[in-house]
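# Per-entry structural report
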Amino acid sequence: MKKIISIVVLAFILTNNIVAQQFVYTETTLKNVVIEEFTGRTCQACPIGHMLTNELMKSFPERVFTVNIHEAFSPDTYPNLKTNDGATLYGALSGSGIPNALANRNTDFGVGSGLWSKEVSTLTNQEAPCNIAGLVVVDETTRTATITVEIYYTKDSDVDINYLTIAMLQDSIWGSQINGESNPDQYVDGNYCHMHTLRDVITSTWGDEISPTNKGTLLSKTYTYEIPEIIGEPNGVDVNIKHLEFLAFVTNTMSGNKSRPILNVCRLPLLLCTQEDVFPQFESVKMKDNIICSNNKTFVIDMMNRGLEDLTSIKMQMEVSSGDLFEYEWNGNIASYCVGKIEFNMDIPLGTHDIDFNVVEANGIAFNCSETITTTCDEWNTIFVNNENDEIILELAQDKFGDETTWEIINDNKEIVASGGPYEYIFGETTTELHQISLQLPLNQCLKFIIKDASGNGMCCEYGEGYYRIKDSCENIVIEGDGAFGSEASHLFSIEIGDNINETKQEICHIHPNPANDFVTIKTHKNIGDLITISDISGRTLIIEEITADDIQINIADLTKGMYIIKVGDKSEKLIIRD
């Protein structure tokens, strides 16, 4: 049962009582969307509806929100997800059959209609007449939520009175769901994870009146709400504070016994507070997605101050699964109930590691809280050149579906410095075609080579055995990979001026042209009198030539289209012959 302890209107028209907004934007924005999805635990098609709304939320992050309303096909067995508000909404808004849904309380549509994404795309491109923002602060000890909502009108509403609704949802409710396996993201070992489930409406079901609604109006409302321990009768569900989310939305007018349409919606951030003076808590820990050819990585921590005092100092210890230990001391200021960013660098060994981040002291007082993340430090390669004008070579053997293959090289600012593809589709039998691209790239930067296949099956197998290589200016192979990379492969490298290029010079330094169809020239540094052999991929030797000079021209006109191996001593290169 909901308990509204107080409702206070804090601000009205800016021209009369001027109160500066704390949360809400005053510039015109596009509409956000709330999807009220009518669903049920014994509904066969409902998990498909959940998948569709999940995809929409992923496509429009923090723009699209879902409220799962259980009434029909929802038994009283555990977990009983039915609510009085849900029954009211279902009776007034639900169309024929479930699952069905409304986006911003416009026309309802069924799960098989194909209209869900179209309706959402249309709404998210419309200007919103008002913006909404706010904050929910929950005291874990008393389970009291203080909810502050601000509404700012960027244009006049159609009517003098609108309606503010605040809904409380709960995630991660585990229980039965017919056909739950059809939504594998929420189905584990026979149990279904119910998400975005309506638990209560803090305001009246159809919203509380708000006015005035003309352009330039700032409204602020504060609610105090006691979060129940359990919701549902019988077989109710524990209300886990850490799995709650609060949505605030404004509807335009009452139409019969319901308010509609929805003008805008937002998710209210949820802060958990305590009565402790000092209480830091990790909100998130991430390694920056920088392109860095180094073990020295940057970590960003969102630290929540759940205590009553400002946080001014934190000592942390980081333990890497490799056994390495690091310490860091931060000094600054994070106000009570606020989140601050802490950023620092530390060395991470190559490979994938778990890192334990531990707060051991806060404001000079011993403390203990921790967070563990898994992160990877990628290996990088160094390509040496003789001077800044030297070019490196990308050698790429496509498979039959070259039109699916693209690549790019980006610098440490994630700017594209070189790119290529898609290439041509090769009609007829399975084959490969070799592309050799000369590249002049910036020195002394960390670069990332990324190769992609649009179909997710690389450049290989029954469509032709493709591969890629990056070589220095003397064609020493520095980076290589076969065609079986799935959707994407990537490599870090840098280019530096140095003598190392002369230390690794290969015996075969250049084959031209490649692909070829009549003659091929081989530049080699082997001794006069040594032999060059050309074999097919089964190992059968087809041509033998004696080295008589640095550049050897070989007639290959009698060889059929396909891939061959040129070998000099113990060194070998691939040769593509085409029509």
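So, a few notes on the structure that sits alongside this text. Quantities reported herein were computed from a predicted structural model and do not represent experimental measurements. (Residues numbered from 1 in each chain as written. Predicted model: local features only at pLDDT ≥ 70, side-chain atom pairs only at ≥ 80, totals over all residues. Heavy atoms only, no water.)

## So, the packing of helix H1 (residues 46-59) against helix H3 (residues 116-123)
Two elements in contact, H1 and H3, have axes separated by 10 Å at closest approach and are oriented at 30°. As far as their axial angle goes, H3 and H1 are roughly parallel. The handedness of the crossing between H1 and H3 comes out as right-handed. Of H3, the residues touching H1 (which contributes Gly49, Leu52, Thr53 and Leu56) are Trp116, Ser117 and Val120. Of the residues assigned to the contact of H1 with H3, the class counts are 4 nonpolar, 3 polar and no charged. (Axes fitted to C-alpha atoms, helices over the stretch in contact; angles between N-to-C directions. Helix = DSSP H or I, 4+ residues; strand = E, 2+ residues; numbered from the N terminus. Parallel < 35°, antiparallel > 145°, perpendicular 65-115°, else oblique. Left-handed = near helix turned anticlockwise from the far one by under 90°. Contact = heavy atoms within 4.5 Å. Nonpolar A, V, L, I, M, F, W, Y, C, P; charged D, E, K, R; others polar.)

## So, the sheet that holds strand S39 (residues 541-546)
With antiparallel pairing, 4 strands are arranged side by side in an open sheet as S39-S38-S41-S42. The open sheet terminates on both sides in strands that have one partner only, identified here as S39 and strand S42 (571-577). On average, each strand axis in the sheet is tilted by 20° relative to the strand beside it, whichever way the strands run. By the bridge criterion, 5 bridges tie strand S38 (residues 531-536) to strand S41 (residues 562-568) in an arrangement that is antiparallel. (Pairing = 2+ DSSP bridges.)

## As for the pattern of salt bridges
According to the stated counting rule, one finds 15 salt bridges in the structure shown. Residue Glu127 is joined to Lys155 by a salt bridge in which the shortest nitrogen-to-oxygen separation is 3.3 Å. One end of the pair, Glu127, is in the loop between H3 and strand S6 (130-139); the other, Lys155, is in the loop between strand S7 (144-153) and strand S8 (162-170), and 28 residues separate them in sequence. Residues participating in the shared-partner salt-bridge network are Glu395, Arg469, Lys471 and Glu480. (Salt bridge = Lys/Arg side-chain N within 4 Å of Asp/Glu carboxyl O.)

## What about a nonpolar patch on the surface?
On the surface, a cluster of nonpolar side chains totalling about 210 Å² of accessible area is made up of Ile48, Met51 and Leu52. Residue position: Met51 is located in helix H1. (Patch = residues over 30% accessible without salt bridge, like charges linked within 9 Å, V, L, I, M, F, W, Y side chains within 5 Å. Areas by Shrake-Rupley, 256 points an atom, 1.4 Å probe, with all protein chains shown as cover.)

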